[in-house]
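Chain by chain, the residues:
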2 protein chains.
Amino acid sequence: MKKITAFAPATVANVSCGFDILGFAIDQLGDRVTVALNDTQELKLADIQGDGGKLPFEAKKNTCSVAIRAMLDHLGSDQGMDIYLEKGLPLGSGMGSSAASAAAALVAANTLLGTPFSKEELVPFAMEAEKIACGAGHADNVAPSLMGGFVLIRDYNPLDLIKLPVPLGLHCTLLHPHLELNTADSRSVLKKQISLKDSTVQSGNIAGLIAGLFLQDFQLISRSLKDVIAEPSRALLIPGFYELRESIQSIGALGSGISGSGPTIFVLSPDKEIAIMAGKVSEQIFEKMGLDVDVYISEVNDKGAYVLE
Amino acid sequence: MKKITAFAPATVANVSCGFDILGFAIDQLGDRVTVALNDTQELKLADIQGDGGKLPFEAKKNTCSVAIRAMLDHLGSDQGMDIYLEKGLPLGSGMGSSAASAAAALVAANTLLGTPFSKEELVPFAMEAEKIACGAGHADNVAPSLMGGFVLIRDYNPLDLIKLPVPLGLHCTLLHPHLELNTADSRSVLKKQISLKDSTVQSGNIAGLIAGLFLQDFQLISRSLKDVIAEPSRALLIPGFYELRESIQSIGALGSGISGSGPTIFVLSPDKEIAIMAGKVSEQIFEKMGLDVDVYISEVNDKGAYVLE
């Protein structure tokens, strides 16, 4: 029976001043999902690899099947499918692991069905999976994982996604320190009320970042990569955060921030050499603290999820 | 003795979701200032027209002379000048009246001195004049009045100004209802603390507006022209505000907002015809309430202040 495999990339959400509204996609690192039609009316998790046994096989709880179910419901279809998930992403790392699984599953299933939806149109189905995985149907990981590049989520009612240009040469270093960080903690440390002044500063910086992406102005991007709202609270949960920032800026990186709700840290650089150096410098900082860290270096992926030949 | 006359345009600050960080310049409507060198070491207000006798002749209190003094101090110069101000803008209207006077004075004086400064470099001197006029050295009127177009004030420390593209065809209708609105009141109604949610919504909209300007996407601009921070409090001070919004949107205008701290309302439209219609529709609304209103229709001025031949 026909089957299709798709890949969907890791993503960085809460891009500094783009807290809750901006995400971007990474190259190479991500999840693979193979989907095959079956002759039942059920979605079945046939296999899950690379998750250390942590992900559910139950179709109502797995992000792959929940996303595909939302798509099938929209089509009024009761087609059954077998789903094979290969996790390339660590769970709970802040790199959009649940989003990548849902995105890959959707692209594979959508292709099997003759591509009734564009990748942008798949986003709401992936958001249904995020509700299961994260408790909230946010789009700032699933939209860039599907669509690639930087995606602005301007609004949710109705969903308004704007794909932004990726400046030539822009590279990302992802640093995943081996420490457990509870997403619920990470959200609970956020202040519910903020000052008008901080809100205005945040607006100025996100406006500057968007302009910097369009103008391909790395210095403007660098000046704008400041989060006065979420980061001051969340950075306290990540040892070495500010020391790392200082070090990567001194070697010419554009800036750093917490990826999603952490503990992964992203660093943006104007070229690959600086991105590699940023990785080395950061490894040393974490090593000094006795923390293991995984380092990934990649361009910003402008393509998003895709079918593997 | 040599003298030079410059024109500086009216400006709209607090552009909806661009509260405190975004302004743009209007065509035609504005102030003229003529400056002549004199052989004293003093700045002298030789004449003021069109202000109804309200503006000060004292050099330390007039925005023209305060701005020029800041520039001369920067140059270490004690050159004296005579200043002739022709107000084209009503005072206290929210159209950047004090900013236009300072900008025109600076461009004239700078040209007389052989143009030691670019228009962007003149902004800090004009901000000194805003301190006198408004109590705060903000840049969101003086920067667009000098530089033209849309100007993002990303930061003040140090000053970071980003000129944004003006979409082809974009027109502005300014509606100045004849009612007194105290700027101090207008600021005091603002909340000092806002919810994280509102701050995030505002960030999404300013990000969308900036992207819309770059993409020349009128619909995106329209969807983004929403201010959840200052407008809900300030609009209560302007009768007819929401009725007007509904009317102008129904005829295809992109959106509306309070210009500066009011009472002037700006309407953005995708072409001149709609801008004119928006003016007529608004006139009727204010007429019904027994309020006189001045209507100005103009393209967004991408040129800023300039020397008149």
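Computed from a predicted model, the values in this text were never measured in an experiment.

Chemist: What am I meant to see in the sheet that holds strand β11 (residues 293-299) of chain B here?
Modeler: Sheet strands pair by backbone hydrogen bonding; their relative direction is either parallel or antiparallel. All names here are of chain B. With antiparallel pairing, four strands are arranged side by side in an open sheet as β9-β10-β7-β11. Edge strands, defined here as strands with exactly one partner in the open sheet, are β9 (255-258) and β11. Taken pair by pair, the neighbouring strands of this sheet meet at an average axis angle of 20°, ignoring direction. Here strand β7 (residues 171-177) pairs with strand β10 (residues 265-269) via five bridges, running antiparallel. Its bridge partner being in β10, Thr 173 is matched across the sheet by Val 267. Together, β7, β9 and β10 form the strand contacts of helix α9 (residues 241-250), whose direction differs from that of β9 by roughly 155°. With respect to the sheet, helix α10 (residues 272-288) is in contact with β7, β10 and β11, its orientation differing from that of β7 by roughly 15°.

Chemist: Please clarify how the interface of chain B and chain A should be interpreted in this entry.
Modeler: In many analyses, interface size is given as the accessible surface area lost on bringing the parts together. Each side of the interface is counted separately: chain B has 34 residues, and chain A has 34 residues. Of the roughly 2700 Å² buried where chain B meets chain A, counting both sides, 65% is carbon and sulfur surface. Put simply, chain B and chain A have two salt bridges between them. Where chain B meets chain A, there are ten residue pairs in polar contact (both at pLDDT 80 or more). Elements represented by at least two residues in the side of chain B that touches chain A include exactly β2 (18-38), β5 (150-156), β6 (159-164), β8 (193-195), α6 (196-215) and α7 (218-224) of chain B. Considering only residue class, the side of chain B that touches chain A consists of 16 nonpolar, ten polar and eight charged.

Chemist: Whenever I open this one, the packing of aromatic side chains confuses me. Can you help?
Modeler: Two aromatic rings are characterised by how far apart their centres lie and by the angle between their planes. For the structure shown, the criterion picks out eleven aromatic pairs over all chains. An angle of 45° between the planes, with centres 5.5 Å apart, marks the rings of Phe7(B) and Tyr306(B) as tilted. With a gap of 299 residues between them, Phe7(B) in strand β1 (residues 3-15) and Tyr306(B) in strand β12 (residues 306-307) connect regions that are remote in the sequence. Pairing Phe241(B) with Tyr242(B) gives two aromatic rings, centres 5.1 Å apart and planes at 90°, and the pair type is edge-to-face. Grouped by ring-pair contacts, the aromatic residues Phe24(A), Phe150(A) and Phe266(A) constitute a single cluster. Positioned above the aromatic ring of Tyr306(B), the side-chain terminus of Lys303(B) is 3.9 Å from the ring centre.

Chemist: Is there a simple way to think about the pairing of strand β9 (residues 255-258) of chain A in this case?
Modeler: Both faces of the sheet carry side chains from a regular strand, because those side chains alternate between them. Residues and elements named next belong to chain A. By the alternation rule, side chains of β9 split into Gly 255 and Gly 257 and Ser 256 and Ile 258, which are all buried. Inspection of the sheet shows β9 paired to strand β10 (residues 265-269) by four bridges, in the antiparallel sense. By the bridge assignment, Ser 256 is partnered in β10 with Val 267. The hairpin formed by β9 and β10 contains six residues between the paired strands, and Gly 260 there has a positive phi angle of roughly 60°.

Chemist: Could you clarify how one ought to interpret the side chain of His171(A) in this entry?
Modeler: Locating His171(A) in the fold gives a position in strand β7 (residues 171-177). Engagement of the side chain of His171(A) in a polar contact is seen with the backbone oxygen of Gly169(A), the distance being 2.6 Å.

Chemist: Please clarify how the UniProt feature "binding site: ATP" (unreviewed entry) in chain A should be interpreted in this entry.
Modeler: Residue and element names in this part refer to chain A. Under the UniProt annotation, the feature "binding site: ATP" (unreviewed entry) is placed at Pro 90, Leu 91, Gly 92, Ser 93, Gly 94, Met 95, Gly 96, Ser 97, Ser 98, Ala 99 and Ala 100. With respect to the helices, strands and loops of the structure, Gly 92 is situated in the loop between β4 (80-86) and α2 (97-112). When neighbours within four sequence positions are excluded, Gly 92 is seen to be in contact with Gly 262 and Pro 263. Position of Ala 99 among the secondary structure elements: in helix α2. The residues touching Ala 99, leaving out its near neighbours within four places in the chain, are Glu 130, Asn 141, Val 142 and Ser 145.

Chemist: How do you make sense of α9(B) when you look at a structure like this?
Modeler: For the α-helix, the turn length of 3.6 residues means that residues three or four positions removed from each other point alike. All names here are of chain B. Within α9, burial applies to Phe 241, Leu 244, Arg 245, Ser 247 and Ile 248. Turning to α9, the residues buried within the fold contact β7, α8 (231-234), β9, β10 and α10. Among the residues trailing α9, Gly 252 stands out with phi positive, at a value near 100°.

Chemist: Can you walk me through the relation of the copies chain B and chain A in this structure?
Modeler: Comparison of the two chain copies shows a relationship of rotation about an axis with a shift along it. When chain B is fitted to chain A, the residual RMSD is 0.0 Å, and the transformation amounts to a turn of 180° plus an axial shift of 0.0 Å. On the angle and the small slide along the axis, the relation comes out as a two-fold axis. Mapped onto chain A, 100% of the interface residues of chain B again fall at the interface, so both copies present the same surface.

Chemist: What am I meant to see in the nonpolar core here?
Modeler: Side chains of nonpolar character tend, in soluble globular proteins, to be buried together. Counting residues in each nonpolar core, the largest one holds 156 residues, and the members touching the most others are Phe24(A), Leu164(A), Phe24(B) and Leu164(B). When neighbours within four sequence positions are excluded, Leu164(B) is seen to be in contact with Ala211(A), Leu22(B), Phe150(B), Leu152(B), Ile210(B), Leu213(B) and Phe214(B).

What counts as what
Residues numbered from 1 in each chain as written. Chains lettered and ligands numbered in written order. Predicted model: local features only at pLDDT ≥ 70, side-chain atom pairs only at ≥ 80, totals over all residues. Heavy atoms only, no water. Pairing = 2+ DSSP bridges. Helix = DSSP H or I, 4+ residues; strand = E, 2+ residues; numbered from the N terminus. Axes fitted to C-alpha atoms, helices over the stretch in contact; angles between N-to-C directions. Contact = heavy atoms within 4.5 Å. Buried area = accessible area lost by both parts, 1.4 Å probe. Salt bridge = Lys/Arg side-chain N within 4 Å of Asp/Glu carboxyl O. Polar contact = N/O pair within 3.5 Å; in protein donor to acceptor, adjacent residues only side chain to side chain. Nonpolar A, V, L, I, M, F, W, Y, C, P; charged D, E, K, R; others polar. Phe/Tyr/Trp six-rings, centres within 6.5 Å; stacked < 30°, edge-to-face > 60°. Lys NZ or Arg CZ within 6 Å of the ring centre and 35° of its normal. Buried < 20%, exposed > 50% of the residue type's maximum accessible area, 1.4 Å probe, protein only. UniProt positions renumbered as here; feature names shortened; annotations may be inferred. Least-squares fit on C-alpha atoms with pLDDT ≥ 70 in both. Core = buried A, V, L, I, M, F, W, Y, C linked by side-chain atoms within 4.5 Å.

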